[in-house]
Amino acid sequence: MRIYVAGHRGMVGGAISRKLRERGAEVVTRTHAELDLTDQAAVRAFFASEKLDGVVLAAAKVGGIHANNTYPAEFIYQNLMIEANVVHQAYVAGVRRLLFLGSSCIYPRAVEQPMREDALLTGVLEPTNEPYAVSKIAGIKLCESYNRQYGTDYRSVMPTNLYGPGDNFHPENSHVMPALIRRFHEAAVSGAKEVVIWGTGKPWREFLHVDDMAEASLFVFDLDKKTYEANTQPMLSHINVGYGEDVTINDLAHLVAGVTGFTGRIAFDASKPDGTMRKLMDSGRLTAMGWKPSVALTEGVKETYAWFLANVAAPQPPA
């Protein structure tokens, strides 16, 4: 199969691309410089020139609480434009199958845990990332609407918090896992006596290794249409992808500190926002179809830290 992976330079898109190539698929990619997915004319020309069997839409503008609070207009505009352009032009070009990757933030802030797919649109979203969440909900509804009107086979998967090799370790615009890895690494290297973390440390978060997410994505992508439709609904078609267990930010911080070798004090700044207090996915729909994760959290953090040391951290001078 000839499959276009939008966002192949990102953590998830990169992992999916590797898995596809291992299976013998021809993976089509374009960098942002080669194809701006917010440019409707450029996306139209790309799809018209390529003969694609499938699309994996993993491209998105993403970031943590700080980034979402600082750049809300960019988050909603860029993600809406990417989704609308790619989904529509895939349909126009006759692409038979598309997989859209969303986010667990689509669910309401005050929602029963673990979060089931049918919790979508039942309450108010978390304010700190509402623009991003609205764009991801729109992506799901784009896929469903094209399926209903045009008979396409466009699917959506909603991952929990992801981490792993290829993550974004930017000091300000990263998610919690890479942010903690970087901060504790730098503190350990500098000999700092204390690391201060945003919030109270009380929120619970679920983390899924990116390789597990890639496997789950292709599992859903490969399902025959009858099986997919038998396990979803036309207007409730997205599938949760989670690890099945969660951990407090406090416990995660101590885990990352141990992996990175930081032995100082861990403090929490309660004046900073916590975000949603718990975000655990109900992945029963997916596991009932035969998929389950394989990378344990501790081993995944160790692997991610090793990748960070090899690819991101500045080399340290010999002692």
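Structure shown above.
These lines cover the structure that appears in this document, whether it is placed above or below. (Residues numbered from 1 in each chain as written. Predicted model: local features only at pLDDT ≥ 70, side-chain atom pairs only at ≥ 80, totals over all residues. Heavy atoms only, no water.)

1. Considerations on the packing of aromatic side chains
Here comes step 1: All told, the structure shown has twelve aromatic pairs when counted by the stated rule.
Here comes step 2: An angle of 20° between the planes, with centres 4.0 Å apart, marks the rings of tyrosine 91 and tyrosine 150 as stacked. Here tyrosine 91, found in helix H4 (residues 72–92), pairs with tyrosine 150, found in helix H5 (residues 130–150); they are 59 residues apart in sequence, far enough to count as distant.
Here comes step 3: Of the residues examined, tyrosine 91 reaches a relative accessible area of 28% and is grouped as partly exposed.
Here comes step 4: Accessibility expressed as a relative area gives 37% for tyrosine 150, which makes it partly exposed. (Phe/Tyr/Trp six-rings, centres within 6.5 Å; stacked < 30°, edge-to-face > 60°. Helix = DSSP H or I, 4+ residues; strand = E, 2+ residues; numbered from the N terminus. Buried < 20%, exposed > 50% of the residue type's maximum accessible area, 1.4 Å probe, protein only.)

2. Thoughts on the sheet that holds strand E10 (residues 239–241)
Here comes step 1: Read across the sheet, six strands follow the order E2-E1-E3-E4-E5-E10 without closing on themselves; strand pairing throughout is parallel. With partners counted over all chains shown, the strands left at the sheet margins are strand E2 (26–28) and E10, one partner each. For this sheet, the mean inter-axis angle between neighbouring strands, taken without regard to orientation, is 25°.
Here comes step 2: Bridge analysis of strand E4 (residues 97–101) against strand E5 (residues 153–159) gives five bridges, and the strand direction is parallel. Pairing of leucine 99 across the sheet is with arginine 155, part of E5.
Here comes step 3: Taken strand by strand, H5 contacts E4 and E5, and its axis lies near 155° from that of E5. (Pairing = 2+ DSSP bridges. Axes fitted to C-alpha atoms, helices over the stretch in contact; angles between N-to-C directions. Contact = heavy atoms within 4.5 Å.)

3. Digging into the layout of surface pockets
Here comes step 1: Put simply, the second largest pocket is a space of about 180 Å³.
Here comes step 2: Lining the second largest pocket are Glu144, Asn147, Arg148, Thr152, Asp153, Lys225, Tyr228, Glu229, Thr232, Gln233, Pro234 and Ser237.
Here comes step 3: Per-class residue counts for the lining of the second largest pocket are two nonpolar, five polar and five charged. (1 Å grid on protein atoms, 1.4 Å probe; cavity = no way out; pocket = protein on both sides within 12 Å on 5 of 7 lines; lining within 4 Å. Points joined across faces, edges and corners; volume = space filled by probe spheres on them. Nonpolar A, V, L, I, M, F, W, Y, C, P; charged D, E, K, R; others polar.)

4. Some words on the packing of helix H6 (residues 176–190) against helix H9 (residues 249–260)
Here comes step 1: It is the contact of H6 with H9, at a shortest axis distance of 9 Å, that shows an interaxial angle of 45°. Classed by the angle they form, the pair H6 and H9 counts as oblique. Relative to H9, the crossing made by H6 is right-handed. Counted together, Val176, Met177, Leu180, Ile181, Phe184, His185 and Ala188 of H6 and Ile249, Leu252, Ala253, Val256, Ala257 and Thr260 of H9 form the full contact between these two elements.
Here comes step 2: Taken together, the residues of the contact of H6 with H9 sort by class into eleven nonpolar, two polar and no charged. (Parallel < 35°, antiparallel > 145°, perpendicular 65-115°, else oblique. Left-handed = near helix turned anticlockwise from the far one by under 90°.)

5. Things to note about the side chain of threonine 152
Here comes step 1: Positionally, threonine 152 belongs in the loop between H5 and E5.
Here comes step 2: Filtering out sequence-adjacent residues up to four positions away, threonine 152 remains in contact with Tyr91, Tyr146, Asn147 and Lys225.

6. Section: unusual backbone geometry
Here comes step 1: Here the bond from glutamine 113 into proline 114 is cis, since omega is -5°, no more than 30 degrees from zero.
Here comes step 2: Of note, leucine 121 is a non-glycine position whose phi angle comes to about 65°, a positive value.
Here comes step 3: For leucine 121, the location among the structural elements is in the loop between E4 and H5.
Here comes step 4: Judged by its relative accessible area of 58%, leucine 121 falls in the exposed class.

7. A short note on the pairing of strand E1 (residues 2–6)
Here comes step 1: Taking burial as the measure, the five residues of E1 include four buried ones, the bulk of the element.
Here comes step 2: Both E1 and E2 contribute to a ladder of three bridges, which runs parallel. Its bridge partner being in E2, isoleucine 3 is matched across the sheet by valine 27.
Here comes step 3: This β-α-β element, E1 to helix H1 (residues 11–22) to E2, shows right-handed connectivity.
Here comes step 4: Relative to strand E3 (residues 54–57), E1 runs parallel, the two being bridged by four bridges. Directly across from tyrosine 4, in E3, lies its bridge partner valine 55. (Right-handed = clockwise from strand over helix to strand, strands pointing away.)

8. What to know about the environment of aspartate 274
Here comes step 1: Looking at the element boundaries, aspartate 274 is found in the loop between strand E12 (265–269) and strand E13 (278–279).
Here comes step 2: Each C-alpha atom, one on aspartate 274 and one on alanine 119, is 22 Å from the other, the two residues being 155 residues apart in sequence.
Here comes step 3: Residues contacting aspartate 274, with those up to four places away along its chain left out, are Ile65, Gly199, Thr200, Gly201, Pro203 and Arg205.

9. A closer look at the nonpolar core
Here comes step 1: In this structure, Tyr4, Leu37, Phe47, Val55 and Leu98 are the most contacted members of the largest nonpolar core, which totals 38 residues.
Here comes step 2: For this core, the secondary-structure elements that each account for two or more residues are E1, helix H2 (40–49), E3, H4, E4, H5 and E5.
Here comes step 3: Leaving out residues up to four positions away in the same chain, leucine 37 has contacts with Tyr4, Ala6, Val43, Ala59, Met81, Ile82, Asn85 and Val86.
Here comes step 4: The next biggest cluster of nonpolar side chains, apart from the first, holds 30 residues, and it includes Ile16, Met213, Ala216 and Leu286. (Core = buried A, V, L, I, M, F, W, Y, C linked by side-chain atoms within 4.5 Å.)

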